[in-house]
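# Coordinates in review
Chain residues, written in single-letter form:
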Amino acid sequence: MISDIEPGTERPDSGRAISVTELFTIGVGPSSSHTVGPMRAALDFAQRVSGEGKVGRVVCELFGSLALTGLGHSTDIAILLGLSGESPETVDPDTMRAKVAAIRSDETLKLAGRSAIRFTEPVDLLFRRGEFLAGHANAMTFTAMFDDGRSETATYYSVGGGAILREGEPQARVNFTLPHPFSSGAELLAQGEATGLTFGDVVLANELAWRPAEETEAFLDDVRAAMHACIARGCRTGGILPGGLKVRRRAKDLHEILTERGPRSDPSAVFEWVSLWALAVNEENAAGGKVVTAPTNGAAGVLPAVLKYYEVFTAAPTREGSRLFLTTAAAIGFLYKKRASISAAEMGCQGEVGVACSMAAAGLAAALGASNSQIENAAEIGMEHNLGLTCDPIGGLVQIPCIERNTMGAIKAINAAYLALRGDGDHIVSLDAVIETMRQTGNDMRSKYKETSLGGLAVNVVEC
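Residues numbered from 1 in each chain as written. Predicted model: local features only at pLDDT ≥ 70, side-chain atom pairs only at ≥ 80, totals over all residues. Heavy atoms only, no water.

### Overview of the overall build of the chain
The condition is simple: Helix and strand definitions follow DSSP, with helices as H or I runs of at least four residues and strands as E runs of at least two, each counted in order from the N terminus. Only protein chains enter the accessibility calculation, which uses a 1.4 Å probe. A residue is then buried if its area is under 20% of the maximum for its type, exposed if over 50%, and partly exposed in between. Contact definition: two residues touch when any of their heavy atoms are within 4.5 Å. Per-residue accessibility takes into account occlusion by the displayed protein chains alone, with areas from the Shrake-Rupley method and a 1.4 Å probe. Note that His is not counted, nor are the chain ends; the positive residues are Lys and Arg, and the negative ones are Asp and Glu. Here the site of a charge means atom NZ of a Lys, CZ of an Arg, CG of an Asp or CD of a Glu.
Helices and strands together make up the secondary structure of the chain, namely 19 helices and 9 strands. In terms of overall dimensions, the chain has a C-alpha envelope of 70 × 55 × 45 Å along the principal axes. Within the span of the chain, comprising 464 residues, buried residues form 60% of the whole. A sequence separation of at least 24 residues applies to 78% of the contacts in the chain between residues at least 6 apart. Put simply, the chain shows about 17,600 Å² of open surface, and 52% of that area lies on carbon and sulfur atoms. Here the chain contributes 42 positive and 55 negative side-chain charges, whose respective centroids are spaced 5 Å apart.

Here you go:
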C-alpha cells in the first residue's frame, strides 16, 4: 500500500550555503531527480566500492517515485550508466542508448569504468513499486557483493535538481562565513537594505566565498550559452520523442512558421516565441539531451525562455543584465531549496515549474531595473499562481503535460514580472508566506499527485 509521505520541516539544505554552481548544473534529460540524481548516486557508489576489493555483483533497488515512474524517466538507463562510470555532466547523449544496449546484451558492465562484473538487469535492478523509504520519496539502495564474501549496502536519496544525499552522511556544512547570509525572503530584503545591493549582487558577493568574481561570471556566461544552445538544438530537431507515447516534436515546425512570418509586429508573436523557446528546451530534455537544471530538468525550459525574451524583446538588454537575471533567479531558488523543496516527488509540479516560474519572474524583474521589493513581489506572484500544481506525467514520461507546462510557466513569469514592476513593491502576501504555503500544500498533497503517475492525467488519459 502506498502511503502519503510528509517531508519534515527541517530541510536538507536549510543549514548550509548553496552556490549558483550547484543550483545550475548541466546534465542529461529527462529528469534531474529521476535521471541525473540516480546516475550520480550510482557513480558515487561504484567509485567507492570498486576501490575496496574485487566486486562480483551489484544490486540496485529503487523505491517510491523512482520505482513507480523510473522507467518513464530513464532511471534504469541512468543506473546502468552511473555504475559504468558515466556522469551526467560528461556523458554523451548520442552514445548513451548504445552503451546501455551493450550492457543489456552482454549482461556485463565495467564497474566505475574499471573491472567487468556480471549485471543481469531483471535480478540486479529491482523496482520496488509501492514501497517508500522514510528519508525521501526518491530513494535507492545499492548492495555490492565482494568475492571474499563481504557485502556493502548504501542508500541514497535524490532530493531534487540532481542533488543526492547518502544516508548516514550529513551534507557537509560550510567551513566559511558568507558575507551576506540569508535563509528567507525577509533576510534577503534586509541584506539589500543594509548593503544597498540588489538580490543578484548579494549572490555575487556571497559567491566570492567559493571563487574569484571573474570565475563566477564565466560560469554564468557558460550557463547562458548552454541554455541558448539547447534552444537552438530544439528548434532544429524534429521527429518523435522516445518512450511509446508517440509525441511529435513541435518546436522545429513552429520555429519555421514564426521565422517565415517576418517582422514581429503581431502582439501574439511575443508569447508564441517564448512558448517556442520553452518547448524547444523541454523537447530536448524529453529526448535525453543536454539541458541546464534550472532548478530541475522537468522545469528546464522556463528560465531559458524568459532569459531569451529579455534578450530579444526588451529595449536594452545587456550581458550584465543576463548575469543579473541568473543571479537573482538563483537567490530565489536558494530560498525554495532551504525552506521547502524543488522535488516534484515531495511538492508536486509546484516545486518544479512553480519554482522555475518564481525564479524567472524575479530574474526578469531585476534585469528590467526593479527594486528589491518589486523583485520579491515578482517571485511571490510567480509562485502564488502555481500553488497546488500536481505532477501527473502520463506514462511516467516527462512529456505530457510537462513540455507544455513549461510554456505556461514562462508566460506566467513574464506576466508576474510586469505586474510587480507596475507596483511600488508593497504587497500583502510575502515571498516567505507563499513558500511556506507551497511546502504545506506539498505535504497535504496525496502521493498519487506527486510524480507517481497514479492519479490525475496519468490515469484519466488513455495511452496510445
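Read on, since the account is not over.
### Some words on the side chain of Asn 282
Rules: N or O atoms closer than or at 3.5 Å make up a polar contact, with two conditions inside protein: a donor-capable atom paired with an acceptor-capable one, and, for residues adjacent in sequence, both atoms drawn from side chains.
Within the element layout of this structure, Asn 282 appears in helix α11 (residues 268-286). Overall, Asn 282 belongs to the buried group, its relative accessible area being 1%. For Asn 282, the side chain forms a polar contact with the main-chain nitrogen of Gly 301, separated by 2.9 Å. In this structure Asn 282 touches Asn 297, Gly 298, Ala 300, Gly 301, Ile 403 and Asn 406, once residues within four positions along its chain are discounted.

### Some words on the packing of helix α12 (residues 302-313) against helix α13 (residues 319-339)
In plain terms, the rule: Axis lines are fitted to C-alpha atoms, over the contacting stretch for helices. Their N-to-C directions set the angle, which ranges from 0 to 180 degrees. Working rule for angles: under 35 degrees goes down as roughly parallel, over 145 as roughly antiparallel, 65 to 115 as roughly perpendicular, anything else as oblique. Take the far helix as the reference: if the near one is turned anticlockwise from it by less than a right angle, the crossing is left-handed, and if turned clockwise, right-handed. Throughout this entry, Asp, Glu, Lys and Arg are counted as charged residues, while Ala, Val, Leu, Ile, Met, Phe, Trp, Tyr, Cys and Pro are counted as nonpolar. The remaining residues, Gly among them, count as polar.
Viewed as axis vectors pointing N to C, α12 and α13 meet at an angle of 150°, and their least axial separation amounts to 10 Å. Relative to α13, α12 is oriented roughly antiparallel. The interaxial crossing formed by α12 with α13 has right-handed handedness. Every residue of α13 that contacts α12 at Leu 303, Val 306, Leu 307, Tyr 310 and Glu 311 is listed here: Gly 321, Ser 322, Phe 325 and Ala 329. Its residues placed into classes, the contact of α12 with α13 shows 6 nonpolar, 2 polar and 1 charged.

### Some remarks on helix α18 (residues 431-444)
To keep things clear, this is the line we draw: Every helix has an expected span of 1.5 Å times one less than the residues it contains.
With 14 residues, α18 should reach 20 Å at 1.5 Å per residue; the first-to-last C-alpha distance of 20 Å fits that figure. What α18 keeps buried is the set Leu 431, Asp 432, Val 434, Ile 435, Met 438, Arg 439, Gly 442 and Asn 443. In this fold, the buried residues of α18 make contact with α7 (185-195), α13, α14 (344-347), α15 (353-367) and α16 (372-384).

### A look at the packing of α13 against α15
Interaxial distance between α13 and α15 falls to 7 Å at its minimum, and their mutual angle equals 140°. Here α13 is positioned oblique relative to α15, judged by the angle of their axes. Between α13 and α15 lies a crossing whose hand is right-handed. Contact residues: Gly 321, Leu 324, Phe 325, Thr 328, Ala 329, Ala 330, Ile 332, Gly 333 and Tyr 336 in α13; Val 355, Ser 358, Met 359, Ala 360, Ala 362, Gly 363, Leu 364, Ala 366 and Ala 367 in α15. Partitioned by chemical class, the residues of the contact of α13 with α15 number 13 nonpolar, 5 polar and no charged.

### Topic: the sheet that holds strand β7 (residues 151-160)
This is how the line gets drawn: Strands are treated as partners if at least two bridges between them are detected by DSSP.
Taken in spatial order, the 5 strands line up as β5-β2-β6-β7-β8 in an open sheet, and their pairing is mixed. With one partner strand each, in any of the chains shown, β5 (125-127) and β8 (163-166) form the two edges of the open sheet. With direction set aside, neighbouring strand axes in the sheet form an average angle of 20°. Here strand β2 (residues 55-63) runs beside strand β6 (residues 138-146); their pairing, made up of 8 bridges, is antiparallel. Bridge pairing links Arg 57 to Met 145 in β6. Contacts between helix α4 (residues 75-83) and the sheet are confined to β2, β5 and β6, with β2 contributing the most and set at about 150° to the helix.

### Remarks on α7
For the record, the criterion: Arc definition: directions from the helix axis to the C-beta atoms.
Along α7, the positions that sit buried rather than exposed are Gly 185, Leu 188, Gln 191 and Gly 192. Down the axis of α7, the sector holding all buried residues measures 120°, keeping them to one side. Facing away from the buried side of α7 by more than 90 degrees, the exposed set consists of Glu 193 and Ala 194. Against α8 (199-207), α13, α16 and α18 lie the buried residues of α7.

### A few points about the nonpolar core
Where we set the bar: Within this scheme, the nonpolar core is defined by two criteria: the residues are buried Ala, Val, Leu, Ile, Met, Phe, Trp, Tyr or Cys, and they are joined through side-chain atoms within 4.5 Å.
Phe 24, Leu 303, Phe 325 and Tyr 336 are the most contacted members of the largest nonpolar core, which totals 93 residues. If you tally residues by element for this core, the top one is α15, at 12 residues. The contacts of Phe 24, once residues within four sequence positions are left out, are Phe 219, Val 223, Val 292, Thr 293, Ala 294, Leu 303, Leu 326, Ala 330 and Met 359. Membership of the second largest hydrophobic core comes to 36 residues, among which are Met 96, Ile 103, Phe 119 and Ala 154.

### Let's talk about the pairing of β6
Of all 9 residues that make up β6, 8 are buried, and the element is covered over most of its length. With 7 bridges connecting them, β6 and β7 associate as antiparallel partners. Pairing of Thr 143 across the sheet is with Thr 153, part of β7. Counted along the chain from β6 to the antiparallel partner β7, the turn is 4 residues long, and its residue Gly 149 has a positive phi close to 95°.

### Some remarks on the environment of Ser 184
Within the secondary structure, Ser 184 sits in the loop between β8 and α7. Counting along the chain gives 261 residues from Ser 184 to Met 445, while the straight-line C-alpha distance between them is 24 Å.

### Thoughts on the environment of Ser 343
Following the sequence through the fold, Ser 343 ends up in the loop between α13 and α14. Along the chain, Ser 343 and Asn 138 lie 205 residues apart, while their C-alpha atoms are 8.9 Å from each other. The residues contacting Ser 343, other than those within four sequence positions of it, are His 136, Asn 138, Val 159, Gly 160, Gly 348 and Gly 351.

### What to know about unusual backbone geometry
Each neighbour pair has its own omega, and for Ala 294 with Pro 295 the value is 0°, a cis peptide bond. With respect to the helices, strands and loops of the structure, Pro 295 is situated in the loop between β9 (290-293) and α12. Cis geometry marks the peptide bond from Ile 400 to Pro 401; its omega dihedral reads 5°. Within the element layout of this structure, Pro 401 appears in the loop between α16 and α17 (402-421). Non-glycine residue Ala 112 carries a positive phi angle of around 60°. Tracing the backbone through its elements, the reader meets Ala 112 in the loop between β3 (108-111) and β4 (115-118).

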